There are 2 protein chains.
Amino acid sequence: MFAEIITIGDELLIGQVVDTNSAWMAQKLNAIGIRVKQITSVSDNAAHIYKALAEAKERAEVVFITGGLGPTKDDITKSVLLDFFGGELVINEQALQNIHAIFARYNKPVLPANHQQAAVPSSCEIILNLQGTAPGMYFYQNNCHYFSMPGVPFEMIDMMENSIIPKLSQTLKLPFVLHETILTAGIGESFLADLIIEEEAQLPSHIQLAYLPKLGQVRLRLSAHGDNRAALEKEINFHKKAIAEKIADYVVSLTDINIEEVILQMLVAQNSTLATAESCTGGYIGHLLTAIPGSSRSYLGGGITYSYGLKESVLGVKSDTLSQTGAVSEETVTEMVLGALKAFNSDYAIACSGIAGPDGGTPDKPVGTVWIAVASKNKVLAKKFLFGNKRMQNIERTAVSALYMLYRLLKEN
Amino acid sequence: MFAEIITIGDELLIGQVVDTNSAWMAQKLNAIGIRVKQITSVSDNAAHIYKALAEAKERAEVVFITGGLGPTKDDITKSVLLDFFGGELVINEQALQNIHAIFARYNKPVLPANHQQAAVPSSCEIILNLQGTAPGMYFYQNNCHYFSMPGVPFEMIDMMENSIIPKLSQTLKLPFVLHETILTAGIGESFLADLIIEEEAQLPSHIQLAYLPKLGQVRLRLSAHGDNRAALEKEINFHKKAIAEKIADYVVSLTDINIEEVILQMLVAQNSTLATAESCTGGYIGHLLTAIPGSSRSYLGGGITYSYGLKESVLGVKSDTLSQTGAVSEETVTEMVLGALKAFNSDYAIACSGIAGPDGGTPDKPVGTVWIAVASKNKVLAKKFLFGNKRMQNIERTAVSALYMLYRLLKEN
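Please read all numbers here as calculations on a predicted model, not as lab measurements.

Rules and cut-offs
Residues numbered from 1 in each chain as written. Chains lettered and ligands numbered in written order. Predicted model: local features only at pLDDT ≥ 70, side-chain atom pairs only at ≥ 80, totals over all residues. Heavy atoms only, no water. Phe/Tyr/Trp six-rings, centres within 6.5 Å; stacked < 30°, edge-to-face > 60°. Helix = DSSP H or I, 4+ residues; strand = E, 2+ residues; numbered from the N terminus. Buried < 20%, exposed > 50% of the residue type's maximum accessible area, 1.4 Å probe, protein only. Lys NZ or Arg CZ within 6 Å of the ring centre and 35° of its normal. 1 Å grid on protein atoms, 1.4 Å probe; cavity = no way out; pocket = protein on both sides within 12 Å on 5 of 7 lines; lining within 4 Å. Points joined across faces, edges and corners; volume = space filled by probe spheres on them. Nonpolar A, V, L, I, M, F, W, Y, C, P; charged D, E, K, R; others polar. Salt bridge = Lys/Arg side-chain N within 4 Å of Asp/Glu carboxyl O. Domains from an automatic or database assignment. Contact = heavy atoms within 4.5 Å. Buried area = accessible area lost by both parts, 1.4 Å probe. Polar contact = N/O pair within 3.5 Å; in protein donor to acceptor, adjacent residues only side chain to side chain. Pairing = 2+ DSSP bridges.

On to the packing of aromatic side chains. Evaluated as defined, the whole model comprises 21 aromatic pairs over all chains. Ring centres of Tyr404 of chain B and Tyr407 of chain B lie 6.2 Å apart, and the angle between their planes is 20°; on these two criteria the pair is classed as stacked. Placement of both Tyr404 of chain B and Tyr407 of chain B in helix α16 (residues 391-412) is noted, with a separation of 3 residues, approximately one turn of the helix. You'll find Tyr404 of chain B and Tyr407 of chain B in the same group, each marked buried. Feature note: the residues Tyr50, Phe84, Phe85, Phe139 and Tyr146 of chain A constitute an aromatic cluster, connected by ring pairs. For the cation-ring pair, Lys37 of chain A lies above Phe2 of chain A, with the distance from its terminal atom to the ring centre recorded as 5.2 Å.

Below, the discussion takes up empty space enclosed by the protein. Evaluation of the coordinates by the stated rule reveals 1 cavity of 30 Å³ or more. Its volume calculated, the largest cavity comes out at about 150 Å³. Every element with two or more residues in the lining of the largest cavity is listed here: α2 (21-31) and β2 (35-42) of chain A together with α2 (21-31) and β2 (35-42) of chain B. For the lining of the largest cavity, the per-class residue count stands at 10 nonpolar, 4 polar and 2 charged.

For the rest of this paragraph, the subject is the pattern of salt bridges. All names here are of chain A. Inspection of every chain in the model, using the stated rule, returns 23 salt bridges over all chains. Between Arg59 and Glu4 there is a salt bridge, with its nearest N and O atoms 2.8 Å apart. With Arg59 in helix α3 (residues 46-59) and Glu4 in strand β1 (residues 2-8), this pair connects stretches of sequence that are 55 residues apart. For Arg59, a relative accessible area of 14% gives the class buried. Classification of Glu4 by relative accessible area gives buried; the value is 0%.

Residues and elements named next belong to chain A. Parsing chain A into structural domains produces domain 1 (2-171), domain 2 (176-253) and domain 3 (259-412). Taken over C-alpha atoms, the centre of domain 2 sits 31 Å from the centre of domain 3. Tallying the contact residues gives 11 residues for domain 2 and 10 residues for domain 3. Taken over both partners, the interface formed by domain 2 and domain 3 buries close to 870 Å², and the fraction arising from carbon and sulfur atoms is 62%.

Moving on, we come to the interface of chain A and chain B. Of the residues lining the interface, 79 residues belong to chain A; the matching set on chain B comes to 82 residues. The three residues of chain A that bury the most area against chain B are Ile14, Gln16 and Tyr306 of chain A, which together make up 9% of that side's buried surface. Where chain A meets chain B, there are 3 salt bridges. Between Lys390 of chain B and Asp158 of chain A there is a salt bridge whose closest N-O contact spans 2.9 Å. The interface formed by chain A and chain B includes 28 residue pairs in polar contact (both at pLDDT 80 or more). Of the residues belonging to the side of chain A that touches chain B, the class tally is 34 nonpolar, 29 polar and 16 charged. Pairing analysis gives 5 bridges linking β2 of chain A to β2 of chain B, with the strands arranged antiparallel. When the bridges of β2 of chain B are listed, Thr40 of chain A appears paired with Thr40 of chain B.

This paragraph deals with helix α4 (residues 77-85) of chain B. Residue and element names in this part refer to chain B. With 7 of 9 residues buried, α4 lies mostly within the body of the structure. Those residues of α4 not exposed but buried are Thr77, Lys78, Val80, Leu81, Leu82, Phe84 and Phe85. Gly86 occupies a position one or two residues after α4 and carries a positive phi of about 80°.

Here's what the structure looks like:
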C-alpha cells in the first residue's frame, strides 16, 4: 500500500520552516506497513494544491495533507478541498463545540474567523482536533483515502496517533510489520556496522536493518514485513539477539527509548537520586531528564552554573581553581560534580563545562573542548572531549556523552 | 522565475532523515529572487526519478536535484540523468583528479567504485565537488536549467554557495524578493488577524502576508516581489510599519529572531543580568537562552529546583509556604523568583512552577496549571496559566510565556 504526503505552505517553499512533519508521518506509516511513495510540498496557491491532489491519487491509495487550515486569509486548503471533492461548506457541530471549549478554556471570545473554522465540506468526515481549532477532514473518492490535517506539528501528531492511524489499521488490510530497536551509545555508526557485518549479511530480504544515528547514539532498527505474525516475531528476535550479543558493550537498551529514560529507570530501581550541575549545556541535560514523565521520582534538579559566580556560590567551586585552571578543566568539573552531590544532597551527579562556541576558544582549549564528570557517593569520573565547532551540536553531544558516562557508572552499581 | 527542488532517497521516504536541504536551498534561492514552486521527494527508483524530472520542467525553469550520487548500488540518479538528457558516460578528468586528491589526503586507495564516480553524462557540465567525491552536474534542455548535487548537506551547500548561486545570479535576469518579519507574542493568530484586517486588505498583490504560529508566538512575514529594489523596499516597509503600529502591544521584534534573543539583547543594552529558577520547565528556559551565542554576557544561570528540597535549599523558599500552598502557587513562585534574585545576585529573574503532566493533577490544580513569576530589583509579577495536557507542550508554553512576561518587564525599564 502506497501513500503520498502533501505539505502545504509558503513558509516551506521559502525555507522559513523545515518540513519535519513528513519524516514523522513517514516513520509512523512505515511502522504500520504503509510505504510513502512521494512527499510533495506546494505553496498556498489554489491551482497548485488542486493539481497536487489530482496527481497524488495516480501514485497512492492514501494521501496525507498538512497545512493551510488556519483561520487567516492565506489558509486556503479547505476551499480547494471543497472544490476538489464537491459538496458545500456546513458548520460541523462537534468541531464548533471543540472550538468553543478551547476558547472558553483561555477565557477568550470566539471570533467569526474561528467560528468559520467549524465549517467543513459536506463531502468529508471530520477528524476532531483536540489540540487546536482547525478540524481535520477525511475524504474518500475513487478508491483513494485523503486525510487533511493542520500543519502545526503537535496538532497533526495528535490526530495521526489518536484518530488516523487507528482508523487505517482497522479498515485497511495491511501486512504485519514488526520493529525491534537496539539503542547504542559510545560508538560510531561505521564501527558498529563493522562489528555486525556478518549478522547483517545473514538478514533475510524481508528484514531490513536501519542505522539511525543521533549525536553520540545510534539506534539500530530491524523492520520485518510478512503475513505470519508469530513466525515473524520469532525470526526478528533471533536476529536482534545475534546483533545485540556482538555489540554488548555498547547496548544501552533493547527497547525504543532514550538514554535519559534508561537512566531514570535505573535510578528508580536503585532507589537513588540524581542532580545536575550544567555549565555549557545550560539546562539541556535537565530538560532531557524532565521531558520524561515521572522524572521527579529520582531527579532532584540542579544548577545551571553558567557564570563563575554561580559555580562558586551554588556549587562551592573554589575561586582559586577557576582562576588557576579555568572553567573548562578537570579540576573545575570535578569540584562541580562533588559540589552538586553535596549542595543538592543526591546519590549521583553529573557536571559539565565546555566551550560551546562559536566564540570563546583559545589555542589550548579550542571551541568544542568539554570536560564532563559523573559521580556517585564513592566514585568520581572525569573525561575530556573535543567536539566540533557548532554550538547546538556541542550542547547536544555533551548532554548525550554525560548521560552515557552516568549510565556506565550506574551499571557498575 | 520559478524553481523546483527534487530530493532523492529512500531515507527521506521512510522518515529516517529529515529533509533539511530543501529549506536551506529555498532560503538561498529566495534571497536571489528565485521562487521555489514545489519541493518533491522521491525514492531511489529510476522510473519515479525520471517522471519527477519530466514533471518539474512543466512548473519550473530551474530544477535543483539532490541525492543518489554515492558510490553504492542504491545510488541511481546519474544513470537516470543519462537516460533523461542523453549522451554517454565519459570520465571527467577534473572530477577524477579531485577524487584522487581526496583519497590521497586520507592515505586511502581509490577503489573502482570511486573511480567510476568521475564518469558523467557527456550532455552535462560538471560542478566541482571540493567536499566529496561525487561531482555535481549541470544540464540545460528546453529552456530549463537542471543542477544535480549530492544529498550530503555540506557538499550541497558548498556547491550552491561557490558555484551554482554565483552562476545563476550572473546568467539569469532575476527579480528582487524582499522579506520582512514581525515577531509577536501574547496573542493568538486569529486575534492578530482581526486587528490588522484593514492593513491586510490593503496589501498589493505582489506583497504577501503569512502567519507563522509557534506555541505562544506568531511570526508575521511580508514577502514582496518586483523589479525595482528601492521602490519595493519603501513599499514593504510602509506596510510593515502600518501593521506593526496596529499590533504594537504584541510586537516583540521587527527582525527575524526569537524572543530569547530579543531578551538577551535588551539585557545587554540595559547592562543587566538574568537568572532563572525553573521547576516544571526543568532547564528548558536556560537551554533556550544558552542556545544563543554570547548569552553568557547577561545570563548568569540559575537553579533547576525540581524537588521541594532544592526549592528550599537553593532558593530559600519557606518550608511552610510549600506545605501550606503547595509547589504550584503564587506564594511559592514569588518566593522562588525573589530567592533567585538573591541567591544568584542578578538584576532580573524568572521562576516557574507547574504541573506538566501527564500525572500529578488534582481537581484544584489540573495538569497544565502553571504559575510564572518575573522580577526586577523593584517589581514582582506573578501570573497563573492553564495550558493543556501534553507534557512537552506545557513545558514549551511555560517557557515562552515566562520569556514574554520578562520581555514586558524589561520593556518598562
